[in-house]
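Structural characterization, general
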Amino acid sequence: MLHIPIFLIFTGTSILPIHRLTKAEVQKSYIQHLQKNKQVKNTGDLFDDLHVQVMYSDMENTYVHLHELGYRQMQEEMYLKWMEQLKNRKINFSSGTQPFY
């Protein structure tokens, strides 16, 4: 499954969802790395380290927030079809219209 952001741009001071997703995925990867190296099956067993506990909480909150914004997983076939449609779409930049805003 591929993760495709529904919203690409936010107004105000919010971080772009793709950045939030990237951060959460890096956190997830790091926690999984720790689990493997420390040979623990339960993530909670890593929570004696406050840094890991805070990171895990931040990661979960990010995933919840993205879900609330309408972010969903997209199957690869559907994603490739969507990308092909965008590729074939003719965009008139002279009108001052910006794509994806």
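To be clear, the structure that these remarks concern was listed above.
Note that residues are indexed from 1 along each chain, following the sequence as it is written. Note on the predicted model: pLDDT of at least 70 is required for a residue's local features to be given, and 80 or more for side-chain atom pairs to be given and counted; whole-chain, interface and lining totals, by contrast, use all residues. As a rule here, side-chain values come from all non-hydrogen atoms in the structure, and water together with hydrogens is ignored.

Looking at the packing of helix 1 (residues 17–38) against helix 2 (residues 50–68)
- Note on definitions: angles span 0 to 180 degrees between N-to-C directions of axes, and those axes are lines fitted to C-alpha atoms, for helices only across the stretch in contact. Where helices and strands are cited, they refer to DSSP runs of H or I of at least four residues and of E of at least two residues respectively, numbered from the N terminus. Packing of helix 1 against helix 2 brings their axes to within 9 Å, and their N-to-C directions diverge by 140°. With respect to each other, helix 1 and helix 2 are oriented oblique. Crossing geometry of helix 1 relative to helix 2 is assigned as left-handed. The segment helix 1 lies against helix 2, with Pro17, Arg20, Leu21, Lys23, Ala24, Glu25, Gln27, Lys28, Tyr30, Ile31 and Leu34 engaging Val52, Met55, Tyr56, Asp58, Met59, Thr62, Tyr63, His65 and Leu66. Just so you know how the angles are binned, under 35 degrees is roughly parallel, over 145 roughly antiparallel, 65 to 115 roughly perpendicular, and the rest oblique. Here is the rule for handedness: rotate from the far helix to the near one, and if that takes an anticlockwise turn smaller than a right angle the crossing is left-handed, while a clockwise turn gives right-handed. Every residue pair with non-hydrogen atoms within 4.5 Å of one another is taken to be in contact.

Side note on the nonpolar core
- Ala24, Ile31, Leu34, Leu46, Val52, Met55 and Met59 together form the largest nonpolar core, which totals 7 residues.
- Of all the elements in the fold, those that place two or more residues in this core are helix 1 and helix 2.
- Residues in contact with leucine 34, not counting those within four places in the same chain, are Leu46 and Val52. To form a nonpolar core, buried Ala, Val, Leu, Ile, Met, Phe, Trp, Tyr and Cys residues must be joined to one another through side-chain atoms within 4.5 Å. For every residue, the accessible area obtained with a 1.4 Å probe (protein chains only) is divided by the maximum for its type, and the residue is called buried under 20%, exposed over 50%, and partly exposed between those limits.

Comments concerning helix 2
- In a helix, the anticipated span is given by 1.5 Å times the number of residues less one. With 19 residues, helix 2 extends 27 Å between its outermost C-alpha atoms, agreeing within 8% with the 27 Å of an ideal straight helix rising 1.5 Å per residue.
- Listing the buried residues of helix 2 in full gives Val52, Met55, Met59, Thr62 and Leu66. One face of helix 2 carries all of its buried residues, which in axial projection span an arc of 85°. Counted as exposed and oriented over 90 degrees from the buried face of helix 2: Leu50, Val54 and Glu68.
- Residues of helix 2 that are buried make contact with helix 1. Along the arc lie the directions from the helix axis toward the C-beta atoms.

A look at the packing of aromatic side chains
- Whether two aromatic rings pair depends on their centres lying within 6.5 Å, for rings of Phe, Tyr and Trp, where Trp uses its six-membered ring; planes under 30 degrees apart make the pair stacked, over 60 edge-to-face, and the rest tilted. Scanning the model with the defined rule gives 1 aromatic pair in all.
- Pairing phenylalanine 47 with tyrosine 56 gives two aromatic rings, centres 5.4 Å apart and planes at 55°, and the pair type is tilted.

A short note on the side chain of threonine 43
- Examined against the element boundaries, threonine 43 turns out to sit in the loop between helix 1 and helix 2.
- Separated by 3.5 Å, the side chains of threonine 43 and glutamine 35 make a polar contact.
- Contact partners of threonine 43, with chain neighbours within four places excluded, come to Ile31, Gln35 and Tyr56. Side-chain atoms alone can form a polar contact between residues adjacent in sequence; in general such a contact is a pair of N or O atoms within 3.5 Å, and within protein one must be able to donate a hydrogen while the other accepts it.

Comments concerning the side chain of threonine 62
- Position of threonine 62 among the secondary structure elements: in helix 2.
- In this structure, threonine 62 is in contact with Arg20 and Ala24, ignoring residues within four places of it in sequence.

What to know about the environment of alanine 24
- Within the fold, alanine 24 resides in helix 1.
- Along the primary structure alanine 24 and glutamate 60 are separated by 36 residues, whereas in three dimensions their C-alpha atoms are 7.9 Å apart.

Overview of the environment of glutamine 27
- With respect to the helices and strands, the residue glutamine 27 is situated in helix 1.
- Glutamine 27 gets classed as buried once you look at its relative accessible area, which sits at 10%.
- In this structure, the C-alpha to C-alpha distance between glutamine 27 and aspartate 58, residues 31 residues apart in sequence, is 8.7 Å.
- Those residues in contact with glutamine 27 that lie beyond four places of it in its chain are Met55, Asp58 and Met59.

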